[in-house]
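Structure at a glance
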Amino acid sequence: MTNASLFQQRDQIRKVVRQKRRSLTPEQQQLAAQQLSEQVLSHRKIKDANTIALFLSFDGEIDTIPLISQLWGLKKTVCLPVLHPFHRHQLLFLRYTTETILVRNRFNISEPPLNVNDVIPITDIDIIFTPLVAFDSSGERLGMGGGFYDRTLENWQQKSFYPMGLAHTCQQVEHLPVADWDIPLPEIITPEKIWRF
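Quick caveat: nothing in here was measured; it's all calculated off a predicted structure.

Conventions we followed
- Residues numbered from 1 in each chain as written.
- Predicted model: local features only at pLDDT ≥ 70, side-chain atom pairs only at ≥ 80, totals over all residues.
- Heavy atoms only, no water.
- Salt bridge = Lys/Arg side-chain N within 4 Å of Asp/Glu carboxyl O.
- Helix = DSSP H or I, 4+ residues; strand = E, 2+ residues; numbered from the N terminus.
- Buried < 20%, exposed > 50% of the residue type's maximum accessible area, 1.4 Å probe, protein only.
- 1 Å grid on protein atoms, 1.4 Å probe; cavity = no way out; pocket = protein on both sides within 12 Å on 5 of 7 lines; lining within 4 Å.
- Points joined across faces, edges and corners; volume = space filled by probe spheres on them.
- Nonpolar A, V, L, I, M, F, W, Y, C, P; charged D, E, K, R; others polar.
- UniProt positions renumbered as here; feature names shortened; annotations may be inferred.
- Contact = heavy atoms within 4.5 Å.
- Pairing = 2+ DSSP bridges.

**Description of the pattern of salt bridges**
Inspection of every chain in the model, using the stated rule, returns 7 salt bridges. Taking the shortest distance from any N to any O, the salt bridge between R18 and D59 comes out at 2.6 Å. With a gap of 41 residues between them, R18 in helix α1 (residues 3-22) and D59 in the loop between β1 (51-53) and α4 (65-73) connect regions that are remote in the sequence. One salt bridge connects D59 with R21, and the closest N-O pair in it is separated by 3.1 Å. Here the residue D59 occupies a position in the loop between β1 and α4, and R21 occupies one in helix α1, the gap between them amounting to 38 residues. Taking the relative accessible area as the measure of exposure, D59 reaches 17% and is therefore buried. Connected through shared salt-bridge partners, R18, R21, R22 and D59 make up one network.

**Looking at the layout of surface pockets**
Volume-wise, the largest pocket comes out at about 800 Å³. Forming the walls of the largest pocket are 38 residues, and the residues nearest its centre are P131, M144, G146, F148 and Y149. Secondary-structure elements contributing two or more residues to the lining of the largest pocket are α1, β2 (77-83), β5 (110-111), β8 (141-142) and α5 (148-153). Top element by residues in the lining of the largest pocket is α1. It accounts for 5 residues. Split into classes, the residues belonging to the lining of the largest pocket amount to 20 nonpolar, 7 polar and 11 charged.

**As for the UniProt feature "binding site: substrate" (unreviewed entry) in the chain**
Residues annotated by UniProt as "binding site: substrate" (unreviewed entry) correspond here to L56 and E61. Checked against the lining of the largest cavity, the annotated residues just named reduce to E61. Residues within four places of L56 in sequence aside, it is in contact with E61, T64, I65, I68, L80, Y96, L102 and S110. Under the relative-accessibility criterion, E61 is labelled buried at 12%. Excluding anything up to four places from it in sequence, E61 contacts R21, Q29, F55, L56, P131 and H168.

**Brief notes about unusual backbone geometry**
Phi angles above zero are rare outside glycine, and D59 is one such case at about 60°. The phi dihedral of N108 is positive, around 70°, even though this residue is not glycine. Taking the relative accessible area as the measure of exposure, N108 reaches 43% and is therefore partly exposed.

**Observations regarding the pairing of strand β6 (residues 127-130)**
Side-chain alternation along β6 places I127 and F129 on one buried face and I128 and T130 on a second face that is also buried. Bridging between β1 and β6 involves 2 bridges; their strand directions are parallel. Residue pairing across strands places A53 opposite I128, the latter belonging to β6. Pairing geometry for β6 and strand β9 (residues 162-166), over 4 bridges, is parallel. Of the residues in β9, the one forming a bridge with I127 is Y162.

Structure below.
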């Protein structure tokens, strides 16, 4: 497969799945968020984790706010990704609390304001929950195309954190055309199921 046709296929999948995701009703979104929280909180790795990286939902992504609230209730440290100010396509993770005032980044996604006192080193994170546009039954993940999470997850097996994807069930596709830089996930959690690969 040529690079051009690979990119075309991936862009087409992004377009179709993002539309499916955005077409969910507020009631469907709310139910999915509740069910997702239950799935995540029943996971044995969550019970042992102290510091958990999450993301704030955007563009029809599954709503993580109910899950974040419950993690705060369990006294877990929650952090959110922030675009790195100096290194293009890299993420930093900053502590997120009930007092955090969010700002919009260049993609119009909410993130904590950059404050060196709130930066959590990636070596201190136990679990990184990643957003995704689509996934398949072998754990391949298709993101938005910026490569931010692929860079973060590179060689994760040698690092201290464990990555998991969060998604609506409608984001599963039969097969994803894979690029060399893609990082498959060991687990993806949907409202109905925990997928282990």
